[in-house]
Amino acid sequence: MTNYHKPEAKLVQELKDIANKIRIHSITSTQAAKSGHPTSCASIAEILSVLFFNTMRYKVTAPKDPSSDRFVLSKGHAAPALYAVWAEAGLFPTSDLQNLRKIDSDLEGHPTPRLNFIDVGTGSLGQGLAVAGGMAYVGKNYDKANYRVYCLIGDGESAEGSIWESVHFASYYKLDNLVMIFDVNRLGQSEETSLGHDVDTYRRRIESFGVHAIVVDGHDVEELIKALYTAANTKGKPTAIIAKTFKGKNFPKIENLDNWHGKALGENSEKVIAHLKTLIKNQGPPQVHPQKPLKDDAPNVDISNISLSSPPSYKLGDLIATRVAYGTALVKIAQNNSRVIALDGDMKNSTYSEKLKQYDASRYIECFIAEQSLVGTAIGAACRDRTVPFVSTFATFFTRAFDQIRMGAISQTNVNFVGSHCGVSIGEDGPSQMGLEDLALFRSIPGSTVFYPADAVSTERAIELAANTKGITFTRLNRPNTPVIYSNNHVFVVGKANVVKKSDTDQLVLIGGGVTLHEAMTASTMLAKAGINARVIDPFTVKPIDKETIVNNIKEAVAVP
């Protein structure tokens, strides 16, 4: 291979030593915790050693440096190995590894961004590759930087359809800065995986997607170094390294045996550690050191104080669907910040996210009908505050990706979800298209903000507010046209309801959002003809709900004689 130089024996041995130190740390930390996945850690030890001590470019002192390579551990249960490699790199003392899984420790059983070297939470399997794809897309198309993205995937989780959605995404967009590493260790949790060690089938499947596939011995340091070098020099397509490994590698009487998943080694730990120590030539600190960034070429990004480029411009009574106003607002905030992007699942001409594509096609990402990949990609795009993603599809279809959204909250992501065609107002399409569970879904997400704007003016302001709101946001939109009821200069606040109809003789209070607000106003008019005055409240945000305004207005109505 051109320019490839076989590594020196000294380097190879040092990387082997680090791999076995990772194994020892994984055993001692899970032993201290009395739980964990040491055998799952053992199968990836050489992969992590080569990545972090030979291939990847990053700053140990600044793990989230925007120019550094990214690493996503999709098989999050192997977290002890990832913690161990960062400790060996010098980020924190190896003694801290003994705090694994303790209630007052950030070294949880699965990685979360509570740790400064973790970008996203993983552990719910099948999700890491979509996130890595989003990171790689941003690096290639927006940052236009040299950093590369590595994702380590378990063979068990490769049974998830979301993995193959993400392989397709990476291939379609020619993400040659992305390397997927499949840890084919044969054993799942309860039995052998469906393909076992059939690496040729993995290779054929991956190649069928247009991905460059390389099969290696996942415990052979030289093969891993060469494969990763090849990946870095492969242009126009992503690379998948299919690593044949063994669960519990180098663990005598445990390696490649069933019924050891998710178990500390117990009374076997001392003998296994003693054996591992005999394999280590250099007992001291690593003699190879983590690499520096390839190049400090990731641009500075400012995603704060995003605002509409111009205020809403509607006439009272204008009939405008809130989904149409969303497209208008998306373009307006994109005009004021180059890092506002839109992602959609082939619904752009219904959700009106296509308006951003028409304004600037480079800031629209088509994810096709693959909602789990769609959501995961957006989470990856938002990582390290590189973009402000707005993800749209029919509200009901987000239910397909609820787990990805839930994990997005654990990942502390700032992704804005926009669901159109909500509720029964799209009646003629039937129940399969109706977003009926979406409010409950998004309200249940920790730290989420849920907008339910009632007209075009409030929709534009909801999108503006969402762009500046931390955490996950959801904006619920209607398909039917609804009249504009707010003046263009109306001020909207997260958590602040608006009383849209009121009299001193109100006897009851009607509360509605979106189309239901307009139905409430109609009902109020009808009740007035019967001599019953009804107050109408628009909550604007369903979460947080404006309890004070609602309760006070109900008390006023109850007090009317």
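Residues numbered from 1 in each chain as written. Predicted model: local features only at pLDDT ≥ 70, side-chain atom pairs only at ≥ 80, totals over all residues. Heavy atoms only, no water.

A.B. asks: How should the nonpolar core be read in this particular structure?
C.D. replies: Among soluble globular proteins, nonpolar side chains are generally buried collectively. Leu178, Met180, Ile365, Ile405, Phe417 and Phe442 are the most contacted members of the largest nonpolar core, which totals 64 residues. At 8 residues, helix H5 (residues 128–143) tops the list of elements feeding residues into this core. Beyond its immediate chain neighbours, meaning those up to four positions away, leucine 178 contacts Leu129, Ala132, Gly133, Ala136, Val149, Ala170, Pro238 and Thr239. Among the nonpolar cores identified, the runner-up in size contains 52 residues, and Leu48, Ala84, Val85 and Val288 belong to it. (Core = buried A, V, L, I, M, F, W, Y, C linked by side-chain atoms within 4.5 Å. Buried < 20%, exposed > 50% of the residue type's maximum accessible area, 1.4 Å probe, protein only. Helix = DSSP H or I, 4+ residues; strand = E, 2+ residues; numbered from the N terminus. Contact = heavy atoms within 4.5 Å.)

A.B. asks: It is not clear to me how the side chain of serine 74 should be interpreted in this structure. Could you clarify?
C.D. replies: By the element assignment, serine 74 lies in the loop between strand E1 (70–73) and helix H4 (79–89). Judged by relative accessible area, which is 1%, serine 74 ranks as buried. Among the polar contacts listed, one links the side chain of serine 74 to the backbone nitrogen of glycine 128, at a separation of 3.0 Å. Separated by 2.8 Å, the side chains of serine 74 and glutamate 157 make a polar contact. Sequence-distant contacts of serine 74, that is, excluding residues within four places in its chain, are made with Thr122, Gly123, Leu125, Gly126, Gln127, Gly128, Leu129, Cys151, Leu152, Ile153 and Glu157. (Polar contact = N/O pair within 3.5 Å; in protein donor to acceptor, adjacent residues only side chain to side chain.)

A.B. asks: I tried to follow helix H8 (residues 221–232) on my own but got confused; where do I start?
C.D. replies: Given 3.6 residues per helical turn, the α-helix brings residues three or four places apart onto the same face. Between its terminal C-alpha atoms H8 stretches 17 Å, which fits the 16 Å expected from 12 residues at 1.5 Å a residue. Among the residues of H8, those classed as buried are Val221, Leu224, Ile225, Ala227, Leu228, Thr230 and Ala231. Tucked into the core, H8 has its buried residues touching helix H1 (9–33), helix H3 (45–55), strand E2 (149–154), strand E3 (178–184), strand E4 (212–217) and strand E5 (239–244). (Expected span 1.5 Å × (residues − 1).)

A.B. asks: Whenever I open this one, the UniProt feature "domain: Transketolase-like pyrimidine-binding" (unreviewed entry) in the protein chain confuses me. Can you help?
C.D. replies: Here the UniProt-annotated "domain: Transketolase-like pyrimidine-binding" (unreviewed entry) positions come out as residues 320–484. Annotated as 39% helix and 19% strand, the span residues 320–484 places its first and last C-alpha atoms 7 Å apart. (UniProt positions renumbered as here; feature names shortened; annotations may be inferred.)

A.B. asks: What am I meant to see in empty space enclosed by the protein here?
C.D. replies: In this approach a probe as big as a water molecule rolls over the atoms, and the regions it shows empty are the leftover space. Counted under the stated rule, the structure contains 5 cavities of 30 Å³ or more. Considered as a void within the structure, the largest cavity measures approximately 100 Å³ in volume. What lines the largest cavity is a set of 14 residues, among which Asp69, Phe71, Trp86, Phe117 and Arg384 lie closest to the centre. For the lining of the largest cavity, the elements supplying multiple residues, two or more each, are E1 and H4. Counted as a void, the second largest cavity has a volume near 70 Å³. Along its surface, the second largest cavity is lined by Val120, Gly121, Thr122, Ser124, Gln127, Gly128, Val131, Ile379, Gln404, Met407, Gly408 and Ser411. Listed by contribution, the elements that provide at least two residues to the lining of the second largest cavity are H5 and helix H14 (402–410). Split into classes, the residues belonging to the lining of the second largest cavity amount to 4 nonpolar, 8 polar and no charged. (1 Å grid on protein atoms, 1.4 Å probe; cavity = no way out; pocket = protein on both sides within 12 Å on 5 of 7 lines; lining within 4 Å. Points joined across faces, edges and corners; volume = space filled by probe spheres on them. Nonpolar A, V, L, I, M, F, W, Y, C, P; charged D, E, K, R; others polar.)

A.B. asks: Please clarify how the sheet that holds E1 should be interpreted in this entry.
C.D. replies: Overall, parallel pairing links the 5 strands, which are arranged E1-E2-E3-E5-E4 in an open sheet. A strand with exactly one partner marks an edge of an open sheet, and here the two such strands are E1 and E4. Between one strand axis and the next, the sheet turns by 20 degrees as a mean value, whatever way the strands run. Here 6 bridges tie E3 to E5, and the two strands are oriented parallel to one another. The residue of E5 that forms the bridge with valine 179 is threonine 239. Across the face of the sheet, H3 comes into contact with E1, E2, E3 and E5 while running at roughly 175 degrees to E2. (Pairing = 2+ DSSP bridges. Axes fitted to C-alpha atoms, helices over the stretch in contact; angles between N-to-C directions.)

A.B. asks: Looking at this structure, how should I read the sheet that holds strand E14 (residues 498–501)?
C.D. replies: Paired through backbone hydrogen bonds, the strands of a sheet run either parallel or antiparallel to each other. As summarised here, the arrangement of the 3 strands in space is E14-E16-E15, forming an open sheet in which the pairing is mixed. The sheet is open, and its two edges are formed by E14 and strand E15 (508–511), each paired on a single side. The mean angle between the axes of side-by-side strands here comes to 35 degrees, regardless of whether they run parallel or antiparallel. Both E14 and strand E16 (residues 534–538) contribute to a ladder of 3 bridges, which runs antiparallel. The partner of lysine 501 across the bridge, within E16, is valine 536. Taken strand by strand, helix H17 (residues 515–529) contacts E14, E15 and E16, and its axis lies near 170 degrees from that of E16.

A.B. asks: In this structure, what is going on with the packing of aromatic side chains? I would like to understand it.
C.D. replies: Geometry of an aromatic ring pair is reported as the spacing of the ring centres plus the angle between the planes. According to the stated counting rule, one finds 25 aromatic pairs in the structure shown. Plain terms: the ring middles of phenylalanine 394 and phenylalanine 397 are 5.4 Å apart, the flat faces sit at 5 degrees to each other, and that makes the pair stacked. Pairing phenylalanine 398 with phenylalanine 417 gives two aromatic rings, centres 5.4 Å apart and planes at 80 degrees, and the pair type is edge-to-face. One end of the pair, phenylalanine 398, is in the loop between strand E9 (388–394) and H14; the other, phenylalanine 417, is in strand E10 (residues 416–420), with 19 residues separating them in the sequence. When sorted by exposure, phenylalanine 398 lands in the same class as phenylalanine 417, which is buried. (Phe/Tyr/Trp six-rings, centres within 6.5 Å; stacked < 30°, edge-to-face > 60°.)

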